Amino acid sequence: MNIKPIKYTALVLKDISEGGGDLTVRLPEKGSGEISDLSRYFNQTMEKIRSAIESIGANLEKMQGIGSNLANNMKETTGTVHRMSTNIDGVKGQTLTQGSRVAETSATVEQIIRIIKQLNGRIENQTVSVAKSSSAIEQMVVNISSITDT
């Protein structure tokens with residue numbers, strides 16, 4: 001029985017588990033016994049681990065790219081939300097100003113209506129006074145005419 005391949009396998013496994021963890025190490029696949037089967041399966045396992053790590057690395061790069069894109073999109077979204085908020089505040093201010101102006105206009109219109117009603121009342125009083133004056137003048141004309149006849 002050849003002990004060297006088993007010793008070498010043990011050293012490689014010990015180096016992986018306790019040492020630098022060199023996953024590129026491969027065992028020689030000499031022969032056709034259990035040791036060569038063990039070496040072949042070990043090498044296949046290491047190849048799968050290497051492939052998985054490469055896949056993880058590639059996915060990590062993709063994820064970093066996606067993360068970077070998301071961060072940029074969040075910055076843009078934050079800027080857009082800030083601009084929208086500013087615009088909403090501006091519209092709110094304009095609405096408040098317009099509401100204030102509408103209230104002022106309403107008060108002015110009410111005051112104009114009051115003045116028109118007062119003027120209407122004065123015009124009515126004047127109309128009554130003119131009618132009385134006219135009646136008095138007519139009476140005076142009749143009296144003068146009567147005196148003239150007399």
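The rules behind each value
Residues numbered from 1 in each chain as written. Predicted model: local features only at pLDDT ≥ 70, side-chain atom pairs only at ≥ 80, totals over all residues. Heavy atoms only, no water. Helix = DSSP H or I, 4+ residues; strand = E, 2+ residues; numbered from the N terminus. Rg over C-alpha atoms; globule rule 2.2 N^0.38 Å. Buried < 20%, exposed > 50% of the residue type's maximum accessible area, 1.4 Å probe, protein only. Core = buried A, V, L, I, M, F, W, Y, C linked by side-chain atoms within 4.5 Å. Contact = heavy atoms within 4.5 Å. Salt bridge = Lys/Arg side-chain N within 4 Å of Asp/Glu carboxyl O. Patch = residues over 30% accessible without salt bridge, like charges linked within 9 Å, V, L, I, M, F, W, Y side chains within 5 Å. Areas by Shrake-Rupley, 256 points an atom, 1.4 Å probe, with all protein chains shown as cover. 1 Å grid on protein atoms, 1.4 Å probe; cavity = no way out; pocket = protein on both sides within 12 Å on 5 of 7 lines; lining within 4 Å. Points joined across faces, edges and corners; volume = space filled by probe spheres on them. Nonpolar A, V, L, I, M, F, W, Y, C, P; charged D, E, K, R; others polar.

Draft legend 1. The overall build of the chain, seen in detail. Assigned secondary structure in the chain consists of 2 helices and 0 strands. For 150 residues, the compact-globule formula gives about 15 Å, and the C-alpha radius of gyration of the chain, at 54 Å, lies well above that figure. When its C-alpha atoms are laid out on the principal axes, the chain stretches across 175 × 25 × 15 Å. By residue count, 6% of the 150 residues in the chain fall in the buried class.

Draft legend 2. Focus on the nonpolar core. Formed by Val12, Val25, Leu27, Phe42 and Met46, the largest nonpolar core amounts to 5 residues. Discounting chain neighbours no more than four positions away, the residues touching Val25 are Tyr8, Val12, Phe42 and Met46.

Draft legend 3. Broad picture of the pattern of salt bridges. Summed over all chains, the structure comprises 4 salt bridges. With a closest N to O distance of 2.1 Å, Arg50 and Glu47 form a salt bridge. One end of the pair is Arg50 and the other is Glu47, both in helix 2 (residues 34–149) and 3 residues apart, which spans about a single turn. Look at Glu47 and you get partly exposed, because its relative accessible area is 33%. Among the ionic pairs, Arg50 bridges to Glu54, the shortest N-O distance being 2.3 Å.

Draft legend 4. Focus on the side chain of Ser39. Take Ser39: it is sitting in helix 2. Discounting residues that sit within four places of it in the chain, Ser39 has contacts with Leu27, Pro28 and Glu29.

Draft legend 5. Summary view of a nonpolar patch on the surface. There is a patch of nonpolar side chains on the surface, built from Met63, Ile66 and Leu70 and spanning about 310 Å² of accessible area. With respect to the helices and strands, Leu70 occurs in helix 2.

Draft legend 6. Quick look at the layout of surface pockets. Reported here for the largest pocket is a volume of approximately 180 Å³. The wall of the largest pocket is formed by 14 residues, among which Pro5, Pro28, Lys30, Ile35 and Ser36 lie closest to the centre. Elements represented by at least two residues in the lining of the largest pocket include exactly helix 1 (4–18) and helix 2. If you tally residues by element for the lining of the largest pocket, the top one is helix 2, at 4 residues. The residue makeup of the lining of the largest pocket, split by class, is 5 nonpolar, 7 polar and 2 charged.

These figures come from the coordinates and say nothing about function on their own.
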